[in-house]
Amino acid sequence: MDPTSSVSGDPVRLTWCVLALLLTQLALACLGVDAQAASPRWVFMAIQVVTLFAVFRRYRQEPAPIAPIWLLLAAAVGMQWIWAATNMLATLIHSEGSFLTNLAVVFSGLYMIPCMFLIARSFDRGEPAAVALVDLALPLIVAALLCTLIFSAMPGGPAATPGSIMLIIDHADAIDFSLAVMAGLRMLGTRSLHKRFFYYAATVFLGINAIAATIYNRVELHGLPPWTGVMIGLAYVALVIVLARPVPPLLRSYRPARRMVQTVTSFAPVVLSLGVLLLAVSVSRFNYPLGMAAAGTSVVLYALRVAIIQSRHQDLQRAAQLSNQRLQQQVGRDPLTGIANRAMLIPRLQAVYAQGAPYGSTCSLLMIDVDHFKLFNDNQGHLAGDVCLTRVAHVLANHPLPPDSLVVRFGGEEFAIVLPHTPPEAAHLVAERLLDAVERLRIPHTHSETGWLTVSIGAAAQHCAEGDPTSLIEAADRALYRAKSAGRNRCEADPTAPSTPACDVS
Ligand SMILES: Nc1nc2c(ncn2[C@@H]2O[C@H](COP(=O)(O)OP(=O)(O)OP(=O)(O)O)[C@@H](O)[C@H]2O)c(=O)[nH]1
């Protein structure tokens, strides 16, 4: 579903439902019904169920890669519902201060696990699974530390003093506000509109929840007045309303810079590790070994996360370098024969001229053309023609040539060979051997005078100091034309070359 689309039907009905429940709570508060009595608690639990339903509904409508993060929000609401239900059970069976109440306290801390997880994770495809495990371990440590703190402050615990209870409430509030702020930052640092909408909903929920919890926790110390029942339902009502409404235009038009996205995504796990560290220091006041163990673990986990991501980065960098190299090789390669293509010819000639000029050296160029190749194709088919060109290319490329020579497929059935530091006489000898090598391939060709496939070669040479690649190619091309006209299967040299020996081998 497009989060920007207007909303009707179910979500609107859910909004009316949750508002009606909130009004019921308000009415109960006006009637002076204690917030800890069963009726306001039933209504609160009903609000939570409607909220769960609305979040699940969104989960089912979101596209596959985004949908699972809604489950984390559903898990947070679900944990809160279990907390409320456990409290309710304790009220119904009159066992306040017992195991059930303690269990409720545990659930009130556990809701932070999915919240922290959804804030710390980048949810990028391709992120290593080990990073997800580390990101899950940190919220688990936070929950364990918080529960330890809460149990320490319970009657009979090592920290059951009013000062310690306030300290624990301060910690819980700090965590709640950090979650809301981090959700807000994730919203500002997310490019995907679907994810941005998710973090917007999470910010509204966690923000109002943090404010309500701060007031609730402090008021609870003096007994809960009826209006607190209305207050703790507000975050849920707000979440249902957010889900029922289209995305605010500002959120839709906002698009964070890439740097902002990177900063927020890499900043979130740092905050989480720092949170664990601070909480561990607090716990160490009541339980030194546990606090120190948690602090050490958080540092190790963070280091592990950095190490995993760094090694992944190096892998990606290596892969990118390799594919870049491969791409560069492919750009200069002829796909049929695998030898260099025409684009490599002029740059190589320029390089040879630049290197050879100070030494007064000569560069030769051979232009090679397969004889009567059209007739070959017509007789034996285009595929056989491809195989033939590949074999000729192979022979040329594997023939012993002067160092730094380059064999290129010039186009069609035409090849060129750059022979650096090679005077025309030496180029002529090379050409002779190549004529012979191609004929020795013994590729049958009915229209050839010898009965085998042959090539014609035009040779040209230039002093590197006066070299001009284009004119060298043109000169070799003219020589090739003369070799063709003279009967094929021969080498003709450019007469304007520094030295022009006759080189007919036919
Ligand atoms: N199989 C195959 N044929 C090709 C390829 N590129 C060009 N050709 C063919 O090469 C032939 C070249 O024909 P022409 O330019 O007339 O030259 P030719 O028949 O060799 O005649 P001469 O050069 O005068 O000996 C054409 O039929 C092209 O279709 C290729 O990649 N594969």
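Residues numbered from 1 in each chain as written. Predicted model: local features only at pLDDT ≥ 70, side-chain atom pairs only at ≥ 80, totals over all residues. Heavy atoms only, no water.

Draft legend 1. Examining the packing of aromatic side chains more closely. Across all of its chains, the model carries nine aromatic pairs by this definition. Between the aromatic rings of Phe 56 and Tyr 59, the centroid separation amounts to 6.3 Å while the plane-to-plane angle is 80°, which identifies the pairing as edge-to-face. Of the two residues, Phe 56 and Tyr 59 are both situated in helix H2 (residues 38-61); the distance of three residues between them amounts to about one turn of the helix. The class of Phe 56 is partly exposed, set by a relative accessible area of 38%. Seen in terms of ring centroids, Phe 198 and Tyr 199 are 5.1 Å apart; in terms of plane orientation they differ by 75°. Their pairing is edge-to-face. Side by side, Phe 198 and Tyr 199 carry an identical accessibility label, which is buried. (Phe/Tyr/Trp six-rings, centres within 6.5 Å; stacked < 30°, edge-to-face > 60°. Helix = DSSP H or I, 4+ residues; strand = E, 2+ residues; numbered from the N terminus. Buried < 20%, exposed > 50% of the residue type's maximum accessible area, 1.4 Å probe, protein only.)

Draft legend 2. The arrangement of the site of the ligand in detail. In the vicinity of the ligand lie 17 residues, with His 372, Phe 373, Lys 374, Asp 386 and Arg 409 positioned nearest. Phe 373 places a polar main-chain atom, nitrogen or oxygen, 2.7 Å from an oxygen atom of the ligand. The contact in question runs from an oxygen atom of the ligand to an N or O atom on the side chain of Glu 413, over 3.2 Å. Contact with the protein chains removes 67% of the 660 Å² of surface that the ligand exposes when unbound. Broken down by element, the residue count for the shell around the ligand peaks at four residues, all from helix H15 (residues 382-398). By residue class, the composition of the shell around the ligand is four nonpolar, five polar and eight charged. (Near = heavy atom within 4 Å. Polar contact = N/O pair within 3.5 Å; in protein donor to acceptor, adjacent residues only side chain to side chain. Areas by Shrake-Rupley, 256 points an atom, 1.4 Å probe, with all protein chains shown as cover. Nonpolar A, V, L, I, M, F, W, Y, C, P; charged D, E, K, R; others polar.)

Draft legend 3. Spatial organisation of the environment of Leu 434. For Leu 434, the location among the structural elements is in helix H16 (residues 424-439). In sequence terms Leu 434 and Ile 457 are 23 residues apart; their C-alpha atoms lie 9.0 Å from each other.

Draft legend 4. The arrangement of the sheet that holds strand E1 (residues 340-341) in detail. An order of E1-E3-E4-E2-E5-E6 is seen for the six strands of this open sheet, with the pairing classed as mixed. Looking along the sheet, the strands with just one partner apiece sit at the ends: E1 and strand E6 (491-493). Bridge count for E1 against strand E3 (residues 406-411) is two bridges, and the pairing is parallel. Among the inter-strand pairings, Asn 341 is bridged to a residue of E3, identified as Arg 409. Sitting on the sheet, helix H17 (residues 469-485) is in contact with strand E2 (362-370), E3, strand E4 (414-419), strand E5 (455-463) and E6, with an inclination near 145° to E5. (Pairing = 2+ DSSP bridges. Contact = heavy atoms within 4.5 Å. Axes fitted to C-alpha atoms, helices over the stretch in contact; angles between N-to-C directions.)

Draft legend 5. Fine view of the pattern of salt bridges. Scanning the entire structure with this criterion turns up eleven salt bridges. In this structure, Asp 315 engages Arg 318 in a salt bridge whose closest nitrogen and oxygen atoms are separated by 2.9 Å. Of the two residues, Asp 315 and Arg 318 both sit in helix H12 (residues 288-331), three residues apart, roughly one turn of that helix. With a relative accessible area of 48%, Arg 318 lands in the partly exposed category. Residues joined in a network through salt bridges with shared partners are Asp 170, Asp 173 and Arg 218. (Salt bridge = Lys/Arg side-chain N within 4 Å of Asp/Glu carboxyl O.)

Draft legend 6. The arrangement of the pairing of E4 in detail. In terms of residue burial, E4 counts as a mostly covered element, since six of its six residues are buried. Of the two faces of E4, the one holding Glu 414, Ala 416 and Val 418 and the one holding Phe 415, Ile 417 and Leu 419 are both buried throughout. Relative to E4, E2 is paired through six bridges, and the arrangement is antiparallel. Bridge assignment links Ile 368 to a residue of E4, and that residue is Phe 415. Of the strand pairs in this sheet, E3 and E4 are connected by five bridges, and their pairing is antiparallel. Each bridged residue has a counterpart across the sheet, and for Leu 406 the counterpart in E4 is Val 418.

Draft legend 7. The arrangement of the environment of Arg 245 in detail. Mapped onto the fold, Arg 245 is located in the loop between helix H9 (227-244) and helix H10 (249-253). Residues Arg 245 and Val 12, spaced 233 residues apart in sequence, show a C-alpha to C-alpha distance of 8.2 Å.

Draft legend 8. Broad picture of the nonpolar core. Grouped together as the largest cluster of nonpolar side chains are 90 residues, with contacts concentrated most on Trp 70 and Leu 206. Core analysis: the next-biggest nonpolar cluster, separate from the first, contains 30 residues, Phe 376, Leu 434, Ile 443 and Cys 491 among them. (Core = buried A, V, L, I, M, F, W, Y, C linked by side-chain atoms within 4.5 Å.)

Draft legend 9. Examining the confidence of the model for the protein more closely. Looking at the protein, the pLDDT average stands at 88 and 95% of residues meet or exceed 70. Mean pLDDT values for the elements of the protein range from 77 in helix H4 (residues 99-110) up to 98 in E4. Interface predicted TM-score (ipTM) for the complex: 0.97; the corresponding pTM is 0.64. (pLDDT = per-residue confidence, 0-100.)

Draft legend 10. Just unusual backbone geometry, in detail. Phi at His 372 is positive, roughly 45°, even though this residue is not glycine. One can find His 372 in the loop between E2 and helix H14 (373-380). Taking relative accessible area as the criterion, His 372 reaches 28% and is therefore assigned partly exposed. Positive phi is not limited to glycine here, since Asn 489 has a value of about 50°. Residue position: Asn 489 is located in the loop between H17 and E6. Given a relative accessible area of 16%, Asn 489 falls into the buried group.

Draft legend 11. A look at the packing of helix H5 (residues 112-120) against helix H7 (residues 162-188). In the contact formed by H5 and H7, the axes pass within 9 Å of each other and the chain directions differ by 35°. In the crossing of H5 with H7, the sense of the turn from one axis to the other is left-handed. Mapping the contact onto sequence places Met 112, Cys 115, Met 116, Leu 118, Ile 119 and Ala 120 in H5 and Ala 172, Ile 175, Asp 176, Leu 179, Met 182, Ala 183 and Arg 186 in H7. Considering only residue class, the contact of H5 with H7 consists of eleven nonpolar, no polar and two charged. (Left-handed = near helix turned anticlockwise from the far one by under 90°.)

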